[in-house]
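So you can see what is in the structure, the chains are spelled out below.
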Amino acid sequence: MAEEQTDLETRIIQDIHSKEIDLVNRDPKHINEDVVKVDFEDVIAEPEGTYSFDGVWKVSYTTFTVSKYWCYRLISTLLGVPLALLWGFIFACISFCHIWAVVPCIKSCLIEMQCISRIYSLCVHTFCHPVFAALGQIFSSIKVALRKEV
């Protein structure tokens, strides 16, 4: 039973780090849906009456599309892994700070505030409540009558 438990834990840990990635749908959460989805028609457009030659338009389209494709591939080949390492490091640091500093600090403050709020509540009920109850009794017997004299 204990061996099965440790085997299961080992598989779960291994699955987290060796998760199979989808090479077809590389943006499953649609993070870059509107941002970087730029086609030729989004950048270059000729209004009616100012058309270039059809051959120039076709070559321009092909040049734009192919150069964008290969420049992206070249830049991602050169900088993709170093930037992935950098972003992994940054998010690891953020996670570390959040887990080991921010959340414990907030929890500590909440615990202290709960203690202080109890003391504050006791002080209000002990000192302020009787004073305001007495003032309320005093001023409750005052009656104001408004008369209009002509």
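Rules of the game
Residues numbered from 1 in each chain as written. Predicted model: local features only at pLDDT ≥ 70, side-chain atom pairs only at ≥ 80, totals over all residues. Heavy atoms only, no water. Helix = DSSP H or I, 4+ residues; strand = E, 2+ residues; numbered from the N terminus. Buried < 20%, exposed > 50% of the residue type's maximum accessible area, 1.4 Å probe, protein only. Areas by Shrake-Rupley, 256 points an atom, 1.4 Å probe, with all protein chains shown as cover. Expected span 1.5 Å × (residues − 1). Bend = angle between axes of the 7 residues up to and from the residue. UniProt positions renumbered as here; feature names shortened; annotations may be inferred.

Bringing the overall build of the protein into the picture now. Within the protein, the regular secondary structure consists of three helices and zero strands. Sequence-ordered secondary structure for the protein, helices as α and strands as β, is α-α-α. Burial analysis of the protein (150 residues in total) assigns 1% to the buried set. A total accessible area of about 14,700 Å² is found for the protein, and carbon and sulfur atoms account for 68% of it.

Its 87 residues give helix α3 (residues 54-140) an end-to-end C-alpha distance of only 93 Å, which falls more than 12% under 129 Å, the value for a rise of 1.5 Å per residue. Its axis deflected by about 50° at Leu79, α3 carries its strongest bend there, up to four residues before the proline Pro82.

When the UniProt feature table is mapped onto this chain numbering, "transmembrane region" (unreviewed entry) sits at residues 78-103. In residues 78-103, the share of helix is 100% and the share of strand is 0%. The end C-alpha atoms are 37 Å apart.

The backbone phi angle of His30 is positive, close to 55°, even though this residue is not glycine. Tracing the backbone shows His30 in the loop between α1 (2-17) and α2 (40-43).

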